[in-house]
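Listed below are the residues making up each chain.
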Amino acid sequence: MSDAVLALDQGTTGTTALVIARDGEILGRGYTELPQHYPRPGWVEHDGEEIWATTMTSAREALREAGMRSREVVALGLTNQRETTLIWDKATGRPVHRAIVWQSRQTAEICRDLERAGLSELVRERTGLVIDAYFSATKARWILDREPDLQRRAERGELLFGTVDSWLVWRLSGGQVHVTEPTNASRTMLFDIHRRAWDDELLEALHLPREMLPEVAPSSARTFAETSGVDGLVDGLPIAGIAGDQQAALFGQGCWSAGQAKNTYGTGCFLVMNTGERAVTSVDGLLTSLACEASGRPVYCLEGSVFSAGSAVQWLRDELRMLHRAEESETLARSIDDTGGVYLVPAFSGLGSPYWDMDARGAIVGLTRGTGRAELVRAALESIAYQTCDVLQVMRRDAGVPVNELRVDGGASANNFLMQFQADLAQVPVDRPMLVESTALGAAFLAGLTVGFWPDHDAVAAVRHSDRRFTPSMDAERRENLYAGWKRAVSRVLTG
């Protein structure tokens with residue numbers, strides 16, 4: 001059996017592990033669903049031990065399917081749901097509270113306090129972000145506020161803060177290494193993306209001790225840690241590449257030049273454009289973050305975050321029982337010519353880019369007596385494309401460069417109806433790769449480049465192959481009328 005790279009993709013709803021050969025073939029795949037915890041409306045939490053357990057179960061399953069032992073793997077690449085926040089005991093390795101998930105809105109009041117304190121401009125200037133419950137900083141503050149002694153323990157250096165990458169590296173290394181990298185650090189609302197360092201002024205504003213924070217190392221080019229004492233993995237396996245999921249997907253899609261963009265269709269939707277060594281400041285509600293550092297130079301990106309995308313289809317399936325499987329949505333959407341004027345605005349946990357309205361809530365607009373299951377399912381799929389277009393419009397303006405192609409990945413990108421509707425609305429070709437799990441592939445590329453498994457970017461580029469290209473075909477009048485209807489529907493749920 002030839003050598004391969006093991007990629008771990010720890011996502012919001014589950015963990016995927018892939019064993020990837022040099023030519024990009026998937027030799028083995030493992031997937032384990034991650035339980036979701038909803039203590040109150042708008043709150044979303046994960047159990048840190050369940051995150052760890054699902055990751056290791058998936059890794060063992062992927063290796064078993066590949067018929068490989070972990071000692072035949074040359075490196076491990078890791079990618080993760082960003083912003084989700086854990087705090088754990090340095091001595092025992094046990095989390096002091098459930099992880100607060102990126103979707104969760106339970107820190108909205110802390111955000112309002114920061115805004116009232118006049119910190120909005122400082123946050124934007126230093127971190128490229130907006131003050132929002134989405135990001136990690138207020139989640140860490142919220143956890144420390146749960147018990148009186150936690151703040152004192154943090155100040156004594158007894159507790160560690162991290163996003164999911166840090167948590168997994170800590171566990172994979174046997175509790176020896178506390179580290180992160182720029183793409184995850186830049187989403188905490190604590191990291192100066194220009195100096196590429198933790199910001200003392202922001203730490204002070206949130207009363208978060210620096211002692212809790214991980215070291216920040218490049219996404220690639222050096223080994224972060226080696227595995228130690230992990231059941232199912234050989235000791236000494238290098239953890240050689242790490243990136244937050246969206247930047248990993250950007251890298252995995254081969255978007256290495258300024259102006260290239262990709263959109264990931266998962267629980268949420270994340271449209272990211274590479275802006276090169278230029279940190280573009282958005283005036284229209286986009287975020288500026290760091291992309292993967294694999295060359296020793298900083299690379300920036302503009303991002304628009306849609307909170308509810310695939311989760312809208314999951315809602316129809318799980319709560320309303322309109323679908324047995326998410327895949328049925330395409331057939332239902334194609335069974336009718338249009339929604340009959342129905343729009344679904346899936347603001348289940350507020351609206352992200354470019355609106356940033358934490359208090360917005362979902363709505364179905366345009367219902368008539370003739371509205372049925374097919375109309376609602378089609379409206380849910382169309383809402384994903386509409387929200388993406390909201391982001392794409394402002395991204396073009398802010399970056400000042402055209403987007404000539406949109407590369408796509410994620411589970412919902414397999415839906416041909418959605419991809420064609422997206423191309424029609426966005427007025428650009430939509431390119432879907434053979435392997436839509438670009439996030440895991442990006443993590444594998446970063447790790448493989450570090451250890452020389454792939455010698456250079458040209459070798460990596462040869463691995464990506466296009467599956468299908470969707471070209472715009474909708475007439476301009478219909479497109480403009482549909483999009484105007486969407487804008488009217490969104491205006492109904494905005495609270496600002």
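Student: Even after reading the chapter, I still don't get the overall build of the protein chain, so can you show me in this structure?
Tutor: A tally of regular secondary structure across the protein chain gives 16 helices and 23 strands. Rg of the C-alpha trace for the protein chain: 22 Å, near the compact-globule value of 23 Å for 496 residues, within the 12% margin. Its C-alpha atoms give the protein chain principal-axis dimensions of roughly 60 × 55 × 45 Å. Restricting to contacts in the protein chain with at least 6 residues of sequence separation, those with at least 24 account for 73%. Total accessible area computed for the protein chain in this model is approximately 18,300 Å², and 46% of it derives from carbon and sulfur atoms. One finds the centroid of the 51 positive side-chain charges in the protein chain at a distance of 2 Å from the centroid of its 66 negative side-chain charges.

Student: Can you walk me through the side chain of Asp390 in this structure?
Tutor: Residue position: Asp390 is located in helix H12 (residues 373–399). For Asp390, a relative accessible area of 2% gives the class buried. With residues near it in sequence (within four places) discarded, Asp390 still touches Pro354, Tyr355, Tyr483, Trp486 and Lys487.

Student: What is the right way to read the nonpolar core from this model?
Tutor: Nonpolar side chains in soluble globular proteins generally cluster together in the buried interior. If you look at the biggest cluster of nonpolar residues, it comprises 47 residues, and the most contacted ones within it are Ile87, Tyr134, Phe135, Leu144 and Leu190. Contributing elements (two or more residues each) for this core: helix H2 (108–116), helix H3 (120–127), helix H4 (136–144), helix H5 (148–155), strand E8 (159–163), helix H8 (200–205) and strand E17 (287–290). At five residues, the largest contribution of residues to this core is made by H4. Among the nonpolar cores identified, the runner-up in size contains 44 residues, and Cys269, Ala309, Leu392 and Tyr483 belong to it.

Student: Any chance you could explain the packing of aromatic side chains here in plain terms?
Tutor: What characterises a pair of aromatic rings is the spacing of the ring centres plus the angle enclosed by the ring planes. Tallying each qualifying case throughout the model produces 20 aromatic pairs. Between Tyr134 and Phe307 the ring centres are 5.1 Å apart and the planes differ by 70°, which places this aromatic pair in the edge-to-face class. Note that Tyr134 is positioned in the loop between H3 and H4 and Phe307 in the loop between strand E18 (300–306) and helix H10 (310–318), a separation of 173 residues in sequence. With a centroid separation of 5.2 Å and an interplanar angle of 90°, the aromatic rings of Phe445 and Trp454 are classed as edge-to-face. The same class applies to Phe445 and to Trp454, which are both buried. Chaining the aromatic ring pairs together yields one cluster made of Trp102, Tyr134, Phe135, Phe270, Phe307 and Trp356. Here Arg146 stacks its cationic end above the ring of Trp142, 3.9 Å away from the centre of that ring.

Student: Quick question: what am I supposed to make of the sheet that holds E17 here?
Tutor: The strands that make up a sheet are held in pairs by hydrogen bonds between backbone atoms, and each pair lies either parallel or antiparallel. Overall, mixed pairing links the seven strands, which are arranged E17-E18-E16-E15-E21-E22-E23 in an open sheet. Each edge of the open sheet carries a strand with a single partner, namely E17 and strand E23 (466–470). Within the sheet, the average angular offset between the axes of one strand and its neighbour, ignoring direction, is 30°. In this sheet, strand E21 (residues 406–409) lies alongside strand E15 (residues 261–265) in parallel orientation, the contact comprising four bridges.

Student: What exactly am I supposed to notice about helix H14 (residues 438–451) here?
Tutor: In an α-helix there are 3.6 residues to a turn, and that puts residues three or four apart on one side. Along its 14 residues, H14 runs 20 Å from first to last C-alpha, staying within 8% of the 20 Å computed at 1.5 Å per residue. Burial runs high along H14: 13 of the 14 residues are buried. Of the residues flanking the end of H14, it is Gly452, one or two places downstream, whose phi is positive at about 80°.

What counts, and at which threshold
Residues numbered from 1 in each chain as written. Predicted model: local features only at pLDDT ≥ 70, side-chain atom pairs only at ≥ 80, totals over all residues. Heavy atoms only, no water. Helix = DSSP H or I, 4+ residues; strand = E, 2+ residues; numbered from the N terminus. Rg over C-alpha atoms; globule rule 2.2 N^0.38 Å. Contact = heavy atoms within 4.5 Å. Areas by Shrake-Rupley, 256 points an atom, 1.4 Å probe, with all protein chains shown as cover. Lys, Arg positive; Asp, Glu negative; His and termini not counted. Charge placed at Lys NZ, Arg CZ, Asp CG, Glu CD. Buried < 20%, exposed > 50% of the residue type's maximum accessible area, 1.4 Å probe, protein only. Core = buried A, V, L, I, M, F, W, Y, C linked by side-chain atoms within 4.5 Å. Phe/Tyr/Trp six-rings, centres within 6.5 Å; stacked < 30°, edge-to-face > 60°. Lys NZ or Arg CZ within 6 Å of the ring centre and 35° of its normal. Pairing = 2+ DSSP bridges. Axes fitted to C-alpha atoms, helices over the stretch in contact; angles between N-to-C directions. Expected span 1.5 Å × (residues − 1).

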